[in-house]
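Analysis of the macromolecular model
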Amino acid sequence: MSVDKKLSYFVDILTGLSWGDEGKGLAVVNLLKGVIGRTYVACVRYNGGCNAGHTTFIDGVKHVTHTIPTGILVPGVVSFIGRGVKFNFIKVAAEIRDLLEQGIEISRDRLVIDPATHLVLPTHILMDELKEEVSFGKAKIGTTKNGMSQIAVSKMGRRSVRIKDVLDQNGLLQAVMSEHLEMLGMLYPKQISSERFDKINNSYKEVMEAVEFVCQYVSFEEGYSFISRMLRKGDVLAEGAQGFLLDVDHGTYPYVTSSNSGVGAFLDGTGASWKMVRDVFGVAKMWYVTRVGNGPFPTELFPEVDGKYTNDHGLAYLIQNAGEGAEGGEKGATTQRPRRVGYVDLPMLRWAAERAGVTQLILTKGDRPNSNIGTSIDVCREYALNGGAWREYFPADIVTNMTRLQPLYESCEFVPVNPSLLFSDQPAAVKEHVARLASRVGAPVAFISAGHQAGQVVMVGNIPGNGSMLELGTHQSANGHSEI
Ligand code: IMP
């Protein structure tokens, strides 16, 4: 099948602009439900694996998806898992069971998987855990312990098993897992207890049961063929996992995930052509940023040090705990770890949006934290590096530069977005902040999600500053210092 010279329909890619958890799941559901007037026939996952966690509330019911595209929650949409996704049969089987229990329809017509998708095995997960336990002087990453680093080693080392290999060759999985276990026994003799060894050795049966279970509900098709087929019927939405700053090449290495999470990953992770792409939606939380796991976070707020509130007078605590439990609080959807929180970082968002080629912004959690935090909130507008010149760009090597980096903040008025009001009727503080984000990030805002339920969105019209792209290098900093 070849790409039509003139496509009637296109792919839009949705990607996170920070370290994941930007609220992409809800944004995907809102787009699939037609908030911007486009009709999507398919939703495609192209990167990450079950380390991702997308939480969505539809009609009061909470759904958490990890590997299966969020599109499965929207009737009429076909979901596709591309070969860039790392596939764990045991975890996907559990996800399918949970979704079926919630009354979500899963069938071969609704869930399609690329047979060249690489498999995460129980031995990869054990290796991932051991790497964090025994770090040999290297930094601990704070991984989600889903085996991502080790499946990446297997894949790039050309020793990985793909779905089609398992379906074609009896006994292959057991042979590969035995080889992994033998190697682990040699590398980590003290850590591999007989209990741990037996547990993994016996998990082969569980994997094969999961293979059988999952195969009842899915069909297989190569990514390029699937996307071309769908684009004859309507638009396709590609749902990015993680965020741009977790990208292994462009993020805060080594505190990143073990694959690419930028928009390039869509092309490699599905086999689609760049000619099929129309818009890139960049997703960011409106009033603050979060991160789970270790690594640099320039605008981080520290809720407590030695039992006392610090620089933010409890703001981080309020953000972490805003709302009732998981409905509003900041806890990882996959690990339940409390997320680290910090002020909005304009240089970082600009940097990510430029590299991702964002054409439209989607702002999330506009109604959060809540008015308990008071009437103002800081925003980082630029940095000083090494006490020197101010700059509006995220430093290329943030890890080395972190201790020499000083964020410069400006205070802005904070009013939560009211989901019942049109954008034109929102308070001036909301409009100002949207204009600030749009002009500094360099893309218009499509909509704001304001509430954890699907449908609680405020569409944004044409506002001053919306979409006016800054010329590179011409920004005049607040204090008159020149750009570097
Ligand atoms: P890994 O991808 O499990 O190896 O974890 C590497 C880093 O990426 C850790 O800091 C994780 O917390 C982070 N990470 C991975 N996936 C996600 C995600 O979906 N949301 C937020 N952080 C993630």
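Computed from a prediction, not measured in an experiment: that's the story for all the values here. (Residues numbered from 1 in each chain as written. Predicted model: local features only at pLDDT ≥ 70, side-chain atom pairs only at ≥ 80, totals over all residues. Heavy atoms only, no water.)

**Quick word on the packing of aromatic side chains**
To describe a pair of aromatic rings, one takes the distance between the centres and the angle between the planes. Taken as a whole and assessed by the stated rule, the structure comprises eight aromatic pairs. Measuring from centroid to centroid gives 5.0 Å for Trp-19 and Phe-297, while their planes differ by 55°, and the two rings are tilted. Here Trp-19 is found in the loop between strand S1 (11-16) and helix H1 (24-32), whereas its partner Phe-297 is found in the loop between strand S12 (288-291) and strand S13 (300-301), with 278 residues between them in sequence. Residue classification places Trp-19 among the buried residues on the basis of a relative accessible area of 2%. We note Arg-97 situated over the ring of Phe-213; from NZ or CZ to the ring centre the distance is 4.0 Å. (Phe/Tyr/Trp six-rings, centres within 6.5 Å; stacked < 30°, edge-to-face > 60°. Helix = DSSP H or I, 4+ residues; strand = E, 2+ residues; numbered from the N terminus. Buried < 20%, exposed > 50% of the residue type's maximum accessible area, 1.4 Å probe, protein only. Lys NZ or Arg CZ within 6 Å of the ring centre and 35° of its normal.)

**Description of the site of the ligand**
If you check the shell around the ligand, you find 16 residues, and the closest are Asp-21, Asn-51, Thr-144, Thr-257 and Arg-337. Interatomic distance of 2.6 Å between a side-chain N/O atom of Thr-144 and an oxygen atom of the ligand. The fraction of the free accessible surface of the ligand (470 Å²) that becomes covered by protein chains is 97%. Grouping the constituent residues of the shell around the ligand by class yields seven nonpolar, seven polar and two charged. (Near = heavy atom within 4 Å. Polar contact = N/O pair within 3.5 Å; in protein donor to acceptor, adjacent residues only side chain to side chain. Areas by Shrake-Rupley, 256 points an atom, 1.4 Å probe, with all protein chains shown as cover. Nonpolar A, V, L, I, M, F, W, Y, C, P; charged D, E, K, R; others polar.)

**Re the sheet that holds strand S9 (residues 219-220)**
Read from one edge to the other, the open sheet built from 10 strands follows the order S9-S7-S5-S2-S10-S1-S11-S17-S21-S22, with strand pairing classed as mixed. The open sheet is flanked by S9 and strand S22 (457-459), the only strands paired with a single partner. Examined bridge by bridge, strand S21 (residues 445-449) and S22 share three bridges and lie antiparallel to one another. Each bridged residue has a counterpart across the sheet, and for Ser-449 the counterpart in S22 is Val-457. (Pairing = 2+ DSSP bridges.)

**Some points on the confidence of the model for the chain**
In this model, the chain carries an average pLDDT of 86, and 87% of its residues clear a pLDDT of 70 or more. Throughout residues 463-484 the model reports pLDDT below 50, and contacts reaching past four residues in sequence, or to other chains, amount to 52 contacts. (pLDDT = per-residue confidence, 0-100. Contact = heavy atoms within 4.5 Å.)

**Comments concerning the nonpolar core**
The biggest cluster of nonpolar side chains holds 72 residues, and the ones touching the most others in it are Val-11, Phe-226, Ile-227, Phe-266, Met-286 and Ile-448. Take this core: its biggest share by element is seven residues, from helix H11 (residues 346-356). In this view, Ile-448 contacts Met-286, Leu-363, Gly-366, Val-417, Phe-423, Val-434, Gln-456, Val-457, Val-458 and Val-460; residues no more than four positions away in its chain are not counted. (Core = buried A, V, L, I, M, F, W, Y, C linked by side-chain atoms within 4.5 Å.)

**Structural notes on a nonpolar patch on the surface**
Residues Met-183, Met-186 and Leu-187 make up a contiguous nonpolar surface patch of roughly 330 Å² in combined accessible area. With respect to the helices and strands, Met-183 occurs in helix H6 (residues 172-187). By relative accessible area, which is 35% here, Met-183 ends up partly exposed. (Patch = residues over 30% accessible without salt bridge, like charges linked within 9 Å, V, L, I, M, F, W, Y side chains within 5 Å. Salt bridge = Lys/Arg side-chain N within 4 Å of Asp/Glu carboxyl O.)

**Let's talk about helix H4 (residues 148-156)**
It helps to recall that an α-helix has 3.6 residues per turn; residues three or four apart then point in one direction. Within H4, the full set of buried residues consists of Met-148, Gln-150, Ile-151, Ala-152 and Ser-154. Contacts from the buried residues of H4 go to strand S6 (86-87), strand S8 (118-119), helix H3 (122-133) and H6. Positive backbone phi, at 60°, marks Arg-158, one or two positions downstream of H4.

**A closer look at the pattern of salt bridges**
What the rule picks out here adds up to 22 salt bridges. We note a salt bridge from Arg-159 to Glu-179, for which the minimum N-O separation is 3.1 Å. Residue Arg-159 is found in the loop between H4 and helix H5 (163-168), and its partner Glu-179 is found in helix H6; the two are separated by 20 residues along the sequence. For Glu-179, a relative accessible area of 39% corresponds to the partly exposed category.

**Regarding helix H7 (residues 194-217)**
Between its first and last C-alpha atoms H7 spans 36 Å; for 24 residues at 1.5 Å apiece the expected length is 34 Å, and the two agree. The sharpest bend along H7 comes to roughly 35°, located at Tyr-204. For H7, the set of buried residues is Ile-200, Ser-203, Tyr-204, Val-207, Ala-210, Val-211, Phe-213, Val-214, Cys-215 and Tyr-217. (Expected span 1.5 Å × (residues − 1). Bend = angle between axes of the 7 residues up to and from the residue.)

**Let's talk about unusual backbone geometry**
In this structure, Pro-254 follows Tyr-253 across a cis peptide bond, with omega equal to 5°. Looking at the secondary structure, you find Pro-254 in the loop between strand S10 (235-243) and helix H9 (264-270). The phi dihedral of Arg-158 falls on the positive side, at around 60°, and the residue is not glycine. Positionally, Arg-158 belongs in the loop between H4 and H5. Look at Gln-242: it is not a glycine, yet its phi comes out positive at around 55°. The exposure class assigned to Gln-242 is buried, which follows from its relative accessible area of 8%.

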